[in-house]
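Residues per chain are reported as follows:
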Amino acid sequence: MDPKQIRMSSPDISQAEIDSVMEVLRSSDLSMGEKIRAFEEEIARISGTQYAVGVSSGTAGLHLSVIVAGIGAGDLVVTTPFSFIASSNCLLYEGAVPIFVDVEDQTGNLDWLLVNEAVEALKSGGKAAENFLPRSLQKSKKGIGAVRAILAVNVFLQTADFDQLIDIAHRHNITIIEDACETIGAGYKGRLAGSLGDIGVMAFYPNKQMTTGEGGVITTNNQAWAEVARSLRNQGRKPGGAWLEHDRLGYNYRLDEMSAAVGLAQAKRLPELLEKRRRVAFWYEERLRDLELVRLPHIASYTTAVSWFVYVIRILPPAQRDAIIGKLAQTGIPSKKYFSPIHLQSFYKERFGYQPGDFPVTERLGDESLALPFSGVMTEDQVDTVCFALRKALE
Ligand SMILES: Cc1ncc(COP(=O)(O)O)c(C=O)c1O
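First, a word on what this report is: a plain description of the structure on this page. (Residues numbered from 1 in each chain as written. Predicted model: local features only at pLDDT ≥ 70, side-chain atom pairs only at ≥ 80, totals over all residues. Heavy atoms only, no water.)

### So, the overall build of the protein
For clarity, the threshold we go by: For the purposes of this entry, the term helix denotes a DSSP run of H or I that reaches at least four residues, the term strand denotes a run of E that reaches at least two, and both are numbered from the N terminus. Only the C-alpha atoms count toward the radius of gyration. The rule for a globule is 2.2 Å times the residue count to the power 0.38. Residue contacts are counted whenever heavy atoms from the two residues lie within 4.5 Å of one another. All accessibility values rest on the Shrake-Rupley procedure with a 1.4 Å probe; residue burial counts only the protein chains present in the view. Only four residue types enter the tally: Lys and Arg on the positive side, Asp and Glu on the negative side; His and the chain ends are excluded. For charged residues, the charge sits on one atom: NZ in Lys, CZ in Arg, CG in Asp, CD in Glu.
Summing up its helical and strand segments, the protein has 15 helices and 14 strands in all. Taking 21 Å as the expected radius of gyration for a compact globule of 395 residues, we find that the protein reaches 21 Å, a close match to that expectation. Considered along the principal axes of its C-alpha atoms, the protein spans approximately 60 × 60 × 35 Å. A fraction of 71% describes how many contacts in the protein between residues 6 or more apart in sequence connect residues 24 or more apart. Accessible area for the protein stands at about 16700 Å²; split by element, carbon and sulfur atoms hold 51% of it. When the 42 basic and 48 acidic side-chain charges of the protein are each reduced to a single mean position, those positions are 3 Å apart.

### Some words on the site of the ligand
Basically, it comes down to this: When we say a residue is near a molecule or strand, we mean one of its heavy atoms is within 4 Å of it. Within 3.5 Å is the distance limit for a polar contact, defined as a pair of N or O atoms, with the added protein rule that one can donate a hydrogen and the other accept it, and that residues adjacent in sequence qualify only through two side-chain atoms. Residue polarity is assigned by list, with Asp, Glu, Lys and Arg as charged and Ala, Val, Leu, Ile, Met, Phe, Trp, Tyr, Cys and Pro as nonpolar; anything else, Gly included, falls into the polar class.
Contacts to the ligand come from 13 residues, most closely from Gly58, Thr59, Asp179, Glu182 and Lys208. Contact distances for the ligand include 2.5 Å between an oxygen atom and a side-chain N or O atom of Thr59. Here the ligand, which alone exposes 390 Å², has 92% of that area covered by the protein. Its residues assigned to classes, the shell around the ligand shows six nonpolar, four polar and three charged.

### Let's talk about the sheet that holds strand 1 (residues 51-55)
The criterion, for reference: Strand pairing is defined by DSSP finding a minimum of two bridges between the two strands. Lines fitted to C-alpha atoms define the axes, with helix axes restricted to the stretch in contact, and inter-axis angles between N-to-C directions lie between 0 and 180 degrees.
The strand order across the open sheet built from seven strands is 1-9-8-5-4-2-3, with neighbouring strands paired in mixed fashion. Every interior strand has two partners, whereas the edge strands, strand 1 and strand 3 (97-100), have only one. Ignoring which end each strand starts from, the neighbouring axes of this sheet average 25 degrees apart. Here strand 1 pairs with strand 9 (residues 216-220) via five bridges, running antiparallel. Across the sheet, Tyr51 pairs through a bridge with Thr220, a residue of strand 9.

### Description of the side chain of Lys208
Using the following cut-off: In this scheme, a residue with accessible area under 20% of its type's maximum is buried, one over 50% is exposed, and one in between is partly exposed, where area comes from a 1.4 Å probe on protein chains only. Throughout this description, the term salt bridge denotes a Lys or Arg side-chain nitrogen within 4 Å of a carboxyl oxygen of Asp or Glu.
Tracing the backbone shows Lys208 in the loop between strand 8 (199-203) and strand 9. Although buried, Lys208 forms no salt bridge, and the nearest oppositely charged side chain, Glu182, lies 5.4 Å from it. The contacts of Lys208, once residues within four sequence positions are left out, are Cys181, Glu182, Ala203, Arg277 and Phe309.

### Some remarks on the pattern of salt bridges
Tallying each qualifying case throughout the model produces 30 salt bridges. A salt bridge links Glu17 to Arg269; the shortest N-O distance between them is 2.8 Å. One end of the pair, Glu17, is in helix 1 (residues 15-26); the other, Arg269, is in the loop between helix 10 (257-268) and helix 11 (270-288), and 252 residues separate them in sequence. Neither Glu17 nor Arg269 differs from the other in exposure class; each is buried. In this structure, Glu272 and Arg269 form a salt bridge, with 2.8 Å as the shortest nitrogen-oxygen distance. Its relative accessible area of 37% is what places Glu272 among the partly exposed residues.

### Brief notes about the packing of aromatic side chains
What counts is decided by this rule: Within 6.5 Å between ring centres, the rings of Phe, Tyr and Trp (the latter by its six-membered ring) count as paired, and their orientation is classed by plane angle as stacked under 30 degrees, edge-to-face over 60, tilted in between.
If you walk through the whole model with that rule in mind, you get 19 aromatic pairs. Geometrically, the ring pair formed by Trp308 and Tyr311 is tilted, given 5.3 Å between the ring centres and 35 degrees between the ring planes. The residues Trp308 and Tyr311 share a single accessibility class, namely buried. With centroids separated by 4.4 Å and ring planes inclined at 35 degrees, the aromatic side chains of Tyr338 and Phe339 adopt a geometry described as tilted. Taken individually, Tyr338 and Phe339 each receive the classification buried, so the pair is uniform in this respect. Taken together through their ring pairs, the aromatic side chains of Phe100, Phe347, Tyr348, Phe352, Tyr354 and Phe359 make up a single cluster.

All we've got here are geometric facts, nothing functional implied.
This is the structure in structure tokens:
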């Protein structure tokens with residue numbers, strides 16, 4: 001087996017996706033046609049929500065969710081530093097302030113006890129609130145904004161512990177945004193990812209469980225919010241209004257018909273796509289579970305359906321994750337650190353004054369986490385090759 005054939009991720013495209021795109025290309029509707037409507041219906045069904053609004057990326061979906069939830073300049077949103085940067089950037093787009101709290105060691109999902117502490121402290125203000133503010137705002141003369149929302153990210157394969165977060169949000173009358181970009185099809189206590197907050201977002205980049213090329217979807221049961229999101233993705237055009245009538249500041253965040261066509265065919269195959277990924281995750285687990293310096297992904301007791309996005313293990317000291325990446329690369333096998341903590345990205349450090357040590361669990365996960373090559377089209381042979389090389393690298 002030539003390790004060069006092993007890719008970090010690969011989409012799983014069948015004839016159904018090709019036929020679906022060809023149908024669009026043979027029609028004259030390349031945008032805002034039948035495919036996006038059918039795709040949205042399918043995603044609403046998969047996420048158990050009444051409404052789904054297709055957009056051009058997960059990031060666009062997050063941005064619009066922040067706007068429809070009424071989050072604006074100076075508002076505080078409690079969220080996680082252990083995520084892909086988009087979940088926090090979407091707040092900055094609107095001038096809101098991400099209030100990071102640390103995550104649970106086992107899952108990498110938000111630690112709800114810390115979320116609770118942060119929301120209570122920010123509500124009560126004063127010294128208690130200062131502990132949760134970024135350094136650059138601690139001495140702010142302008143005073144701090146109100147805490148408006150929790151933005152929870154479902155990490156790698158499963159959702160955050162939403163009942164706890166919902167309880168906090170209800171007690172304090174704030175919104176929950178669910179970044180479900182990594183967890184289409186995951187189950188939380190029998191409920192579906194995408195339906196757990198007031199509004200959710202899925203993403204479909206080609207490394208995801210299912211893809212549209214580029215693309216995303218907003219999911220919600222809030223009809224008014226869904227309508228506003230539809231308007232915002234389409235230059236703020238009035239719902240049902242004429243072509244050049246705009247009644248709000250909007251964007252071009254539309255999902256084109258070719259992308260929606262791929263997504264529709266993929267969504268119909270989702271059970272098969274998830275099952276193939278489950279099988280690859282199982283092959284990894286079988287081969288790696290005896291390694292003392294490796295910690296395998298943890299499945300929380302509240303998770304009723306796993307949706308494998310990435311296969312991320314932890315390389316435990318004294319082994320060094322970065323050295324392992326180097327040794328795997330020498331044999332031609334790709335692997336990646338995942339995630340790099342958001343608060344330690346250079347512009348977050350400059351803008352908010354974050355420093356190493358601020359979120360120790362996130363930073364430890366950032367140092368130890370290693371994403372192995374993973375997709376539903378990986379063969380058992382390829383998994384063998386990766387695991388053999390990993391064993392050698394750990395020796
Ligand atoms: C947690 C999370 N949020 C947001 C995004 C952004 O999605 P997109 O790349 O489609 O903009 C991603 C995608 O990788 C993600 O993993």
